[in-house]
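Breakdown of the fold
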Amino acid sequence: MALIVQKYGGTSVGDVERMKNVARRALLAQRAGHDVVLVVSAMSGETNRLLKLVGQITDRPSEREQDVVVATGEQVSIGLVSIAIHAQGGKATSFLGHQCRIVTDSTFSKARIKHIDGERLTDVLKQGHIAVVAGFQGVDQAGNLTTLGRGGSDTTAVAIAAALEADACEIYTDVDGVYTTDPNIAPRARKLERISYEEMLELASLGAKVLQIRSVEFAMKYKVPLWVKSSFSDDPGTLVCEEDKAMEDLVVSGVALDRNEAQISIRDVPDRPGVAAKIFGALDEKAIVVDLIVQNPPKDGKTDLTFTVGKADLTKARDVVLGLSAELGTGAVSAEQDIAKVSIVGVGMRNHSGVAARMFRTLFKEGVNITAISTSEIRVSCVIPSRYAELAVRALHTEFGLDAVQA
Ligand code: ADP
Ligand code: ASP
Ligand code: MG
């Protein structure tokens, strides 16, 4: 007998029929002798709908109140899924984040889980219930509702699996597992049987939204065996696990595309110590995560500075920079939304050289201009105009030998 955490994403609970399917799958696992905790997302499209309502009032809402609004999506799902389990003869109890003490910090809209009090969940499991937990939400020390950022239900699931020392955490979604690239973009994408935590961490942080990055961090830290599976098939899926020798033979194991970043450029930034510290310090104070940073060589004591942030943070980031612009004596500040970041990832890069050059050559052959580059030991990322995004993904997928063999 094992303890299994199963998480079902938005499409998997997209309508009542699909919720009945989730109930059926959870009951099958329970009838096979396991304790089952379900974590569910809002019905697909619901979180976007709620955010849009907020956006119709203002583009600078109180983040506390915005969380109060968007956290409602998951409440509907846990109630309906619990009722579906009852209707199939099972026992289930639903929990909102605060009811099972998912305690987070107070960073509204991207809160971090600090602690989970698993007792409420284990109590109902002991009574033969399936515990049905709302993903994506928590409560801070002061009792305010918080949410964990887009895709946050994945993190709820893995954090619960870690807290309860579950035997497995299964993320059920609308694809069969983790692919070499987004299968909805590249029809030749191949499903991976296994992928290392580290590669998955890079892919997730680079925009492969199949798993939220924090969920992979948690899984890696607490060694949670993490499966990605389809809620619509019986495919074994992909296991995210520790790296091994076989994984190093491949130079590149995945290509990722991120369309959720935007770029801010500041012209004529005075080239003196402390300026970068001031700008990025102010962005950090507002909890704005900055990704790529490019600074041009200085000319006449001035330089141009370009960086990327999440699209959702663009207005906030531009406000911060404009607020400092006069004080620092910079030139014009501009924002660009039509960019995409394409990346290649693989632990094999550690012992193969020339991988970045091969990537640049491939993009050049396709006529794609690169505006910023960043690398890590197992990754190379390029910022390109968004209209070339899908072309770039397909070209890199082919270049690095990832295309599935066509039947
Ligand atoms: P859910 O609503 O179940 O959480 P998401 O939409 O958040 O599902 O994540 C699943 C989606 O992730 C897939 O439909 C696919 O388009 C996308 N995706 C991006 N990169 C990958 C990848 N490398 N492997 C699998 N899916 C990917
Ligand atoms: N409902 C939230 C979202 O759409 C959380 C999740 O689905 O993981 O981002
Ligand atoms: Mg998701």
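Residues numbered from 1 in each chain as written. Chains lettered and ligands numbered in written order. Predicted model: local features only at pLDDT ≥ 70, side-chain atom pairs only at ≥ 80, totals over all residues. Heavy atoms only, no water.

A few words on the overall build of the protein chain. Across its full length, the protein chain carries 13 helices and 20 strands. In terms of overall dimensions, the protein chain is globule-like: its C-alpha atoms have a radius of gyration of 22 Å, near the 22 Å expected for 407 residues. Each principal axis of the C-alpha atoms in the protein chain carries an extent, and together these give about 75 × 55 × 35 Å. Burial status across the protein chain gives 52% buried among its 407 residues. Across the protein chain, every contact between residues at least 6 apart in sequence was considered, and the portion connecting residues at least 24 apart equals 74%. (Helix = DSSP H or I, 4+ residues; strand = E, 2+ residues; numbered from the N terminus. Rg over C-alpha atoms; globule rule 2.2 N^0.38 Å. Buried < 20%, exposed > 50% of the residue type's maximum accessible area, 1.4 Å probe, protein only. Contact = heavy atoms within 4.5 Å.)

A word on the site of ligand 1. Taken together, the neighbourhood of ligand 1 is formed by 17 residues, with Thr173, Asp174, Tyr179, Asp182 and Asn184 sitting nearest. Between ligand 1 and the protein, one listed contact pairs an oxygen atom with a backbone N or O atom of Gly10 at 3.1 Å. A distance of 2.7 Å separates an oxygen atom of ligand 1 from a polar side-chain atom of Asn184. Coverage of ligand 1 by the protein amounts to 89% of the 570 Å² it exposes when considered alone. Its residues assigned to classes, the shell around ligand 1 shows seven nonpolar, six polar and four charged. (Near = heavy atom within 4 Å. Polar contact = N/O pair within 3.5 Å; in protein donor to acceptor, adjacent residues only side chain to side chain. Areas by Shrake-Rupley, 256 points an atom, 1.4 Å probe, with all protein chains shown as cover. Nonpolar A, V, L, I, M, F, W, Y, C, P; charged D, E, K, R; others polar.)

For sheets, the rule is that strands pair by backbone hydrogen bonds, running either parallel or antiparallel. With mixed pairing, eight strands are arranged side by side in an open sheet as 3-6-2-1-9-11-12-10. Every interior strand has two partners, whereas the edge strands, strand 3 (92-95) and strand 10 (194-196), have only one. Across this sheet, the average inter-strand angle for adjacent strands is 20°, counted without regard to direction. In the sheet, strand 10 pairs with strand 12 (residues 238-241) via three bridges, with the strands oriented parallel. When the sheet's bridge partners are listed, Arg194 is paired in strand 12 with Leu239. Each of strand 2 (35-40), strand 3 and strand 6 (130-134) is contacted by helix 4 (residues 72-87), which is oriented at about 165° to strand 6, the strand it contacts most. (Pairing = 2+ DSSP bridges. Axes fitted to C-alpha atoms, helices over the stretch in contact; angles between N-to-C directions.)

Moving on, we come to the site of ligand 2. Contacts to ligand 2 come from Ser41, Ala42, Thr47, Glu74, Phe136, Arg150, Gly151, Gly152 and Ser153. The contact in question runs from an oxygen atom of ligand 2 to an N or O atom on the side chain of Arg150, over 2.7 Å. Within the contact set of ligand 2, an oxygen atom lies 3.0 Å away from a backbone nitrogen or oxygen of Ser153. Look at ligand 2: alone it shows 260 Å² of surface, and the protein chains cover 86% of it. Here the residues of the shell around ligand 2 are counted per class, giving two nonpolar, five polar and two charged.

What follows covers the sheet that holds strand 5 (residues 113-116). A sheet is described by the order of its strands in space; here four strands give the open sequence 5-4-7-8, paired in mixed fashion. Strand pairing shows two members of the sheet lacking a second neighbour, strand 5 and strand 8 (145-147), which therefore form its edges. On average, each strand axis in the sheet is tilted by 45° relative to the strand beside it, whichever way the strands run. Across three bridges, the pairing between strand 7 (residues 137-140) and strand 8 is antiparallel. Residue pairing for strand 8: Gln137 is matched across the bridge by Thr147. Each of strand 4 (102-104), strand 5 and strand 7 touches helix 6 (residues 152-163); the most contacted strand, strand 5, lies at about 45° to it.

Moving on, we get to unusual backbone geometry. A positive phi angle, near 50°, is found at Arg101, a position not held by glycine. In this structure, Arg101 sits in the loop between strand 3 and strand 4. Residue Arg101 is classed as partly exposed on the basis of its relative accessible area of 36%. Here Ser109, not a glycine, exhibits a phi torsion of approximately 75°, which is positive. Relative to the helices and strands, Ser109 resides in the loop between strand 4 and strand 5. Residue classification places Ser109 among the partly exposed residues on the basis of a relative accessible area of 22%.

Applying the stated criterion to the full structure yields 24 salt bridges. The closest approach of N and O atoms between Arg358 and Glu399, which form a salt bridge, is 2.8 Å. With Arg358 in helix 12 (residues 355-365) and Glu399 in helix 13 (residues 389-399), this residue pair connects regions lying 41 residues apart in the sequence. Given a relative accessible area of 29%, Arg358 falls into the partly exposed group. (Salt bridge = Lys/Arg side-chain N within 4 Å of Asp/Glu carboxyl O.)

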